[in-house]
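Residues per chain, in single letters:
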Amino acid sequence: MSNMQMFWTIIIIAVAVQTTRWLPFLFFKDSDRLPDAITYLGKVIPAAMMGMLVVYCYKDYDFASISSALPAVIAGLGCACIHLWKRNTILSIAVGTALYMILLRLF
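Residues numbered from 1 in each chain as written. Predicted model: local features only at pLDDT ≥ 70, side-chain atom pairs only at ≥ 80, totals over all residues. Heavy atoms only, no water.

Details of the overall build of the protein chain
When helices and strands are counted, the protein chain shows four helices and zero strands. When the helices and strands of the protein chain are listed from N to C terminus, the series reads α-α-α-α. Here the protein chain has a C-alpha radius of gyration of 20 Å; the compact-globule value for 107 residues is 13 Å, and the former is much larger. Seen through its principal axes, the protein chain has C-alpha atoms that stretch 55 × 45 × 25 Å. Burial analysis of the protein chain (107 residues in total) assigns 8% to the buried set. Counting only contacts in the protein chain whose residues sit at least 6 apart along the sequence, the fraction spanning at least 24 positions is 35%. As presented, the protein chain carries roughly 9000 Å² of accessible surface, and 73% of it is formed by carbon and sulfur atoms. With 8 positive and 5 negative side-chain charges, the protein chain shows a spacing of 9 Å between the two charge centroids. (Helix = DSSP H or I, 4+ residues; strand = E, 2+ residues; numbered from the N terminus. Rg over C-alpha atoms; globule rule 2.2 N^0.38 Å. Buried < 20%, exposed > 50% of the residue type's maximum accessible area, 1.4 Å probe, protein only. Contact = heavy atoms within 4.5 Å. Areas by Shrake-Rupley, 256 points an atom, 1.4 Å probe, with all protein chains shown as cover. Lys, Arg positive; Asp, Glu negative; His and termini not counted. Charge placed at Lys NZ, Arg CZ, Asp CG, Glu CD.)

See the structure below:
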């Protein structure tokens, strides 16, 4: 990719990202209350995204072989437990990642 192509690619990506961030404010700027459909989506999408990410993270593991999947399962449970206990996203991600890296070395 040439320098000019990289430049225009970055510009297009930046415009697309900013447009998607500004559109909700443009659509709902005058309303006092959000439509019920938007409120519903705001409640269910975070949980659906977490479920989708869990499935995506574990999709390539061979659960028939305990040694390949065990570090990921233990780290995932550790991450979930820390998050339920402390309610701190950064802490739970950091602990889950560190635990996974340690368990990879052990198994």
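A look at helix α2 (residues 36-58)
With 23 residues, α2 ought to run about 33 Å at 1.5 Å a step, and its terminal C-alpha atoms sit 34 Å apart, in line with that. At V44, α2 shows its largest kink, close to 30°, and the proline P46 lies no more than four residues downstream. (Expected span 1.5 Å × (residues − 1). Bend = angle between axes of the 7 residues up to and from the residue.)

Structural measurements only, silent on function.
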